[in-house]
Structures are given as structure tokens and as C-alpha cells.
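Per-entry structural report
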Amino acid sequence: MAREVFLLQLALVVLLVAAAVVAFVIQTRRDTMTDARHRTLAAAESFAHSWGLQAALNSADPTAKLQPLAEAARKASGVDALIVYKLDGITLTHSDPRQIGKHVIGPYADAARGKPFTRTFEGALGLSVVSAAPVKDSSGRVIAIVAAPVTVEKVQKSVNEQLPLFLGSAVGALALAGGGAGLVSRRLRRQTHGLGPAEMTRMYEHHDAVLHAVREGVLIIGRDGRLLLANDEARRLLDLPPDAEGHHVGDLGLDHRTAELLASDRIATDEVHLAQDRLLAVNKRSTTPYGAHQGSVVTLRDTTELRWLSGRAEVARERLRLLYDAGARIGSTLNVARTAEELAQVAVPRFADIVTVELQEAVLKGEEPAVAGTELHRTAIAGLAADHPLRPVGELMRFAPGSPVAASVEQGRSVVEPDLAGSSAWRSMDPERARRILDHGVHSLVVVPLRARGVVLGLVSFWRSGSSPPFDDEDLSFAEELAGRAAVGIDNARRYTRERTMAMTLQRSLMPRGLPDQDALEVAHRYLPAQAGVGGDWFDVIPLPGARVALVIGDVVGHGLHAAATMGRLRIAVHNFSALDLSPDELLRHLDELVTHIDVQDEDTEEGPAITGATCLYVVYDSVSGQVTAATAGHLPPAVAHPDGSVEFLQTPVSPPLGLGTGLPFETAELSMPEGSRLVLYTDGLVENRSRDLDAGLEALRAALAGPDRTPEDTCTAVMQSLLPAGSTDDVALLVARTRRLDPADVAEWDVPRDPAAVGPVRNACVRQLAAWGLQHIAFGAELVLSELITNAVRHGAEPIHVRLLHTRTLICEVSDGSSTSPHIRQAKDTDEDGRGLFLVAQFAEQWGTRYSPRGKTIWAAQSIDPDAPTSEEESADQLLDRWEHRGEW
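Here goes a summary of the coordinates provided. (Residues numbered from 1 in each chain as written. Predicted model: local features only at pLDDT ≥ 70, side-chain atom pairs only at ≥ 80, totals over all residues. Heavy atoms only, no water.)

Focus on the sheet that holds strand S24 (residues 669-672)
To be explicit about the condition: Two strands make a pair as long as DSSP finds a minimum of two bridges between them. Elements are defined by DSSP. Helices are runs of H or I of four residues or more, strands are runs of E of two residues or more, and each kind is numbered from the N terminus. With axes taken as lines fitted to C-alpha atoms, and helix axes fitted only over the stretch in contact, angles between N-to-C directions fall between 0 and 180 degrees. Contacts are assigned to residue pairs that have any heavy atoms within 4.5 Å of one another.
Spatially, S18-S19-S20-S21-S24 is the arrangement adopted by the five strands of the open sheet, whose pairing is antiparallel. Only two strands of the sheet have a single neighbouring strand rather than two, namely strand S18 (538-544) and S24. Taking the axes of each pair of neighbouring strands and ignoring which way they run, one obtains an average angle of 15° across the sheet. Seen against the sheet, helix H17 (residues 561-579) touches S18, strand S19 (548-555) and strand S20 (615-622) and runs at an angle of roughly 15° to S18.

What follows is the structure, encoded as C-alpha cells:
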């Protein structure tokens, strides 16, 4: 305010000084012109009436006499010149001597007529004033004229000498005004605590806004309990009279409790007071810490609607938390029944007192739900006491046509029954049970269909009892939202159940249904699918010729149908390759090529993901020698538990998993195992999980296998109990085989020189050995088979030639030689003398084949030792050959 006052004073002073200067200039100009007229006219008339002027004019040389006088008078009067000239215009005197004698031209007619005059003109020296006065003789006749000119500038100089004094006075006035304004500003700042005009204006605006614009009542009350100030909102909330300010708060008609608080010195924080039909939150604080005037300030808020809205907001927040919890809890197990139970449990008691869930039978089995029907299975129930009147879990629910529940299922729409006692349609479904339900205190119901992908899976019923409020439309909307989320979880669980059932069915059909009969190993196995679904772990036991057995175990990465189908493809491939009697490394090499080829085909046809990631371990045990030969494709090594209780892992050369296409060779590892040793094959799900790394798992397996000798069944049980993790996320396959050795008495061997004459003695020795084993009933066939095989080896093979007979479940005849040429059956022509030997072998043997070794090949043939088998007397070799020649009989 002081600055504004100062500026206002300065402006006024400047305006006054400017006006004074303008007036002074105008007045000075006017006075200057008047002074110039008076000065020139006085000088001219004075010189015109001076004594002796007439005599000088009549003298012989007027200029000589008058010029000195004129100059003296000019200097004395302050004019520029005193010019005397006759009536003919000839100049007699002049301030410029050069002008004397010249003719003067000017408006001097008035002076010639005897009248003095004054004129203003613009000359070479600027604005000038000239006066002329006549010179008369004694008779009054004008005889000459005197002119006195003067420039205005010359007169102005004298006036300008007064201007500094005037301006100094103006400056003094300005200084005086500024000093006064400064003193006023200093005084005002002291009174306003240093606040400037902007701050004071803003404070006033804020003060006005707080008092009249905010939606909160404000009261200021003095120490004596009188109301000093009240804003508009406070007047409205308390219904104060217009002249309330200045009155004691006890005289304003307020509630006694409210008036007592306002008049006291007690502070208050959000105290709720009743004012007519409003609930006011009252806050009271003392003004003592903020000023010298002791009193209190009171703020009032209308919380009537706020409390209602806060209640609604709390309900909405609770509903959102319930939906969040439902999303986190429902569908966590991918089990249909468990998901229905989670829906029921999450809604009790936060939304309903009782919840029941009914599902279609097809949904429970994981099948596609049929068209909505009125027969559902009660799957879950929550919130009921032991003596509840509702139907138990597992019971088939049949809803009467036309009832609200049946309409909900058939039409797929939700139904709300706020008052069950007044619903005749609901009570008509089962009057006796309805009465019992009402007697139990249940009074309100919401039925919502569980709909997913446009199909009704079942329905969920929400019940309220006791003092719980009845359901309304908002509750129905929330129930539909909750049921919609649960329906998605149930449908996911149903689809998972269907896929898992299909995968398990496929896996059971592809896994070995029983172990083959063989004498080389005593085998036990375990297979446990993961909780997350069927995986690709598999195993197999494959009997091989020569009293050998192949143990196979593998793992396909992933779960579900694809993993199960991939496992089946690999198992079939291993069976086919093992029929060729390949070595483990050769078998894995062929299997790897097959997997790579299948991957390429799957990528071209876009039928599914590749098989890459499958592992396999192939182990061959020879019961004659006790030799174990193993090769692995990325699988964990087998464990060997010796009869003395020690355990070791057969460290096979590291090879990549199947189908990677690395081109690296597969190598074998060999180990001679004493009889009674246990060979343990397993998958990584047994020894590795989230809480245990692989090394720790292998050590745990070593500890479980160590100790006294146990049967394979007992070993499987002990290992599964020790190592199987709870809630395994991966398949577990375990295969335990205890070795047996073939009795040396059941093995006969001969070395045969490459000489046709040696065939007969070896054949005879073999017949004697058969007789020693009590196998005379198959001697004819065995003799024929051995004769053909030894003859072929002598004629077409290479040394060394070795013959071996194995007495097991069958009689196995083996003839080995150093040649790698594989024989095969061919059709002999009528003129051929040979070509019929392998045909005879194939007819007398149940199976025959060829296997290769680093030293050559072995041709083997297995004959049944069953006494009921055909003997030589039943069908001779000649008869067989006759049938061979007449091929139409075969």
C-alpha cells in the first residue's frame, strides 16, 4: 500500500509540476511578448519626444547629431535598435551604421498619420517585436518616425533566469513526497509484519475463500464464549440466525452438548455431534499459539452422506478383495471337484452363509458338457453345520421343471430369491425339505449358472440365513462375476482332466502291460506320473537271443499327450531296433537318426513340437558271462548295487540327447557283474527336484541302495520311500533288476575247424549233449539245424568258427564265424543243389537271426523244448522240402 501511495503521490506531483511548467511557459511567453511591446513602444516614444530631437532633424547633418543619442538610448532601453527616418523612408540612425541612408520599407502608415503602433514579425533573427512612434513639430505635424525593434529571444533570456528556481522547487516537492511515502511504507510494513500488497491481497482472498467458499463450517469464538465469526457453511449447518455474531454460543439454539463444547476450553478432534438431522464432525483448536487474542476456532463437516458412502465403499473394497482372493485360490489344483470346493469356501462367510455347487456328470469326468439338463451332481458345499437340511455332496440333484433352479440351468440365467418363505415356486420343488431349510434360518437365495464358452457346466447357489441381509440386485451382479471366474477355473480343470485322462490312457496303452518271461534277471519296476500331468518317462524289458536281456529307460521332456505319444513312438522304435540284435551304441545311433527324421517331418507338417529333448539308456545283460554293456543318450547313469552292499554308478561315456543332430558318436561301457547284483535304472524325477540338486539326489539314491541284499520289489519300495518328493512335478520311473547267471552245466561250446569233415563230429557231440540234457525229443531238428548252420559257416564263413548250445527255456543253437556276411533265405531253383538250408532252419526253429560283433557274426536259432512240439517222426526234412517246392501250400 505504501508503494502504491508513493506512486500515486509521485504521479500527482509530476502532473502538478508538468502543469505548472506548461502554465509557466505559456505565461512567460505571454509576458515576454507584452514586455517586448511595452519596451519597444516606450523606447520609441521616449526617443521621439526627447528634447533637441526636432532641432537635430532640422540641422544640416541629422545623422551626426542623432546617431550617438540613439545608441545611448538603445543600450539604456535594451532594444535591438533605435531607427529614425524621415517620412520619405530614409534612415537617419541605426544600430548597424551600414543601414544609415538606406530606404526603409515597412508598415509605418499609422505612425505617419501621427499614431504610434506595435507589430510582431518573423525576421532573420527570429520572432521580433517592433514599435514606431511619430516625431511631431510644434504645429503637430509629423516630421519623422522613430522605430524600436527587439527580438523575443532576447527578452526570453531574462525570463529563463527564473526557471532554475522554479524547477528546484518542483524537485523539492518530489523529494518531500517520496520521503513521506517511505515513512508511510515503513510504518505499514511494521504494522503488517512485512507483508506486501500482493501477500495482503492474497491473504484477504484466501480468508474470504475459507470463510465462504469451502464446504466446511468455520467458527471463531472468543474467550467469553461469544461467536466472533461464522462463515456461510457454518450458518447453514447450525442453522444460525443472521445476527448470530456477537452473541453467546449458548443463546444460539444449539444442541446442549454442542454448545457446551463450543463454550469450553476443551479441544476436540472429529467428535460427532447431532445438529437437527445432520451428523457433524467437530474439530476445535485454541488460537492462543497463533496470536495475542485468545479464543478458539471450530471447523464443522457434514458426515451424514460421507458415512453412508464410506459404508458403500467399504462393501465395494471387500467385494474387490473377495474377487482377488477368488482369482488366487480358485483353480489352483486343476481338479474339477477341488475347484468347486474352492469356490464354495472362498464365498463363505464373506458373501454368503452357505454355498453349494452342482456340476454335470460329464464335467466331473472331464468330458464335454452336454446340453443343459436338470440332473446335476452336488460337488461341493460350505458353511453348513452337521445337522444341515441340504442334500449332501455326491447326491444326484433332480430339479423340478418350472422351478427357479431348473430355469437357471435350462435357460442359463441367474435367479435371486430375496424371500424364500414367500417363494411358492421354490417351496414347491420339495415342500418338506423347503420347510426344514426355512426352519434352519435360511431366508434368501441366489442361483447363478456356471457358464464357460457359452455352455452351462453346472450352477452355484448362495444362501443367507439368520441376521444376514437378503440378497439384492447388486449382490446378484457380484455373484455372477464370482461365478464367471469360477466357471473358467472349472472348465480349465475339466479340460485338463480330459487331456490327462487321454494321456494316461494313451500312456497305459503304450507302456508295457507286463514284464516278459525270461531267466536272466529278476525285475521289479515303479512308475509314478507327475501331479501336473502325464509325462514322457518310460521303461522296458526286452529279452534278447543268447540268454540276454535288454533294459531300457527313457525320458521325454514335457507333459501331456505329446509327451505320451512321443514316448510310445520311441518305445516301438527301440523294440524294432532291438529285434535286429544291435549293440547298444548302434541301437542309439539308429534311434537318434530316427528322431531327427521324425522332427523334420513334424516341422514340415506342423503337427506339433519336435521330440528334441528325449533321453534314453540302453543296457544289455548277458546271463552267460555276467557282462553288462550300456550306452546312454543324455540319460543319467545306472546304479549298480553289489551283493556286498557297495553301490557304484556305471559311468557311461557322455552323449547328447536324441534328435539334436550333433553327429557325435555313441559309445558303450562294460562291466562284469556277479550274480545277485542289482542294476538300477531311473529317471531324473527321482533324484532331482526344486529342493534338491542332482548330486544330492544321486547320493541319496546311493544311500537307499546300500546295505544288505534285498529283492527288487523291496528295493523299489525303499527307494521310492526315501527319495520320492512330496508333490512331484515330474514323472518318476524306476527299474530294478537282480542278475542271475546261467548254470555252466547248461552251456556247451565247441571250436570247429574250417573243414567240411569236422561237421559230423561236432554234430554228433551236440546230439550227445542234448541227450545229456534230456532233450532227445528235439534232437532230430536240432541236429538238422546245427548241421546246416555249421556247414554254412565252414563253406561261406571265416575262422574262427565256434558252436554254442544254451539250455534255457528254449534250446539256443549259436554258430559264430569271423565273416560279417549275413545269410538270408532265398528261393532255390529246381537245378540248384543248395539254397534250402536256412529254409529248414526256419522251419525247425521258433526264431532265428543274426547278430554282429567286432569279431564277426553269430547265427542263432531257438527251438522250443516243450515235449508237445513236433518231432522228426511227425514231419521229415524231405517232406518239408517237398512243401517248399510246392509253394502254393505255404
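Thoughts on the packing of aromatic side chains
Put simply, the test is: The aromatic pairing rule takes the rings of Phe, Tyr and Trp, using the six-membered ring of Trp, and pairs them if the centres are within 6.5 Å, calling planes under 30 degrees apart stacked, those over 60 edge-to-face and the rest tilted. Burial here depends on accessible area, computed with a 1.4 Å probe over protein chains only, as a share of the maximum for the residue type. Under 20% is buried, over 50% is exposed, and the range in between is partly exposed. Cation placement over rings: the criterion is NZ of Lys or CZ of Arg within 6 Å of the ring centroid and within 35° of the ring normal.
Going through the model one piece at a time under the given rule, you end up with four aromatic pairs. Each ring, one from phenylalanine 351 and one from phenylalanine 462, has its centre 5.3 Å from the other, and the planes form 80°; the classification is edge-to-face. Of this pair, phenylalanine 351 sits in the loop between helix H11 (336-347) and strand S11 (354-359) while phenylalanine 462 sits in strand S16 (residues 455-465), and the two are 111 residues apart along the sequence. The buried category is assigned to phenylalanine 351, whose relative accessible area is 2%. Relative accessible area serves as the criterion here: at 0%, phenylalanine 462 is assigned to the buried category. Seen in terms of ring centroids, phenylalanine 351 and phenylalanine 471 are 5.6 Å apart; in terms of plane orientation they differ by 45°. Their pairing is tilted. In this pair, phenylalanine 351 is assigned in the loop between H11 and S11 and phenylalanine 471 in the loop between S16 and helix H16 (473-510), connecting sequence segments 120 residues apart. Given a relative accessible area of 3%, phenylalanine 471 falls into the buried group. Taken together, the ring pairs connect Phe351, Phe462, Phe471 and Phe478 into an aromatic cluster. For arginine 464, the ring lying beneath its charged end belongs to phenylalanine 351, and the centroid distance is 5.3 Å.

Focus on the packing of helix H20 (residues 694-705) against helix H21 (residues 712-723)
Describing two packed helices takes the angle between their axes plus the distance from one axis to the other. Basically, it comes down to this: Angles are sorted into four bins: roughly parallel if under 35 degrees, roughly antiparallel if over 145, roughly perpendicular if 65 to 115, and oblique for all others. Crossing chirality is assigned from the near helix's rotation relative to the far helix, an anticlockwise turn below a right angle marking it left-handed and a clockwise turn marking it right-handed.
Orientation of H20 relative to H21, taken along the N-to-C sense of each, is 140°, at an axis distance of 9 Å. In terms of their interaxial angle, H20 and H21 are classed as oblique. Relative to H21, H20 is oriented so that their crossing is right-handed. In contact with Gly697, Ala700, Leu701, Ala704 and Leu705 of H20, H21 contributes Thr715, Val719, Ser722 and Leu723.

Concerning the sheet that holds strand S28 (residues 801-807)
With respect to topology, five strands assemble into an open sheet ordered S27-S28-S29-S31-S30, the strand pairing being antiparallel. Each end of this open sheet is capped by a strand with a single partner; those strands are strand S27 (747-752) and strand S30 (847-853). Looking at each pair of strands side by side, their axes are set apart by 15° on average, direction ignored. Where S28 and strand S29 (residues 810-817) come together, six bridges link them in antiparallel fashion. Bridge pairing in S29 links arginine 804 to glutamate 814. Contacts from helix H22 (residues 759-772) reach S27, S28 and S29, with the element oriented near 175° to S27. Taken strand by strand, helix H23 (residues 779-796) contacts S27, S28, S29 and strand S31 (856-864), and its axis lies near 10° from that of S29.

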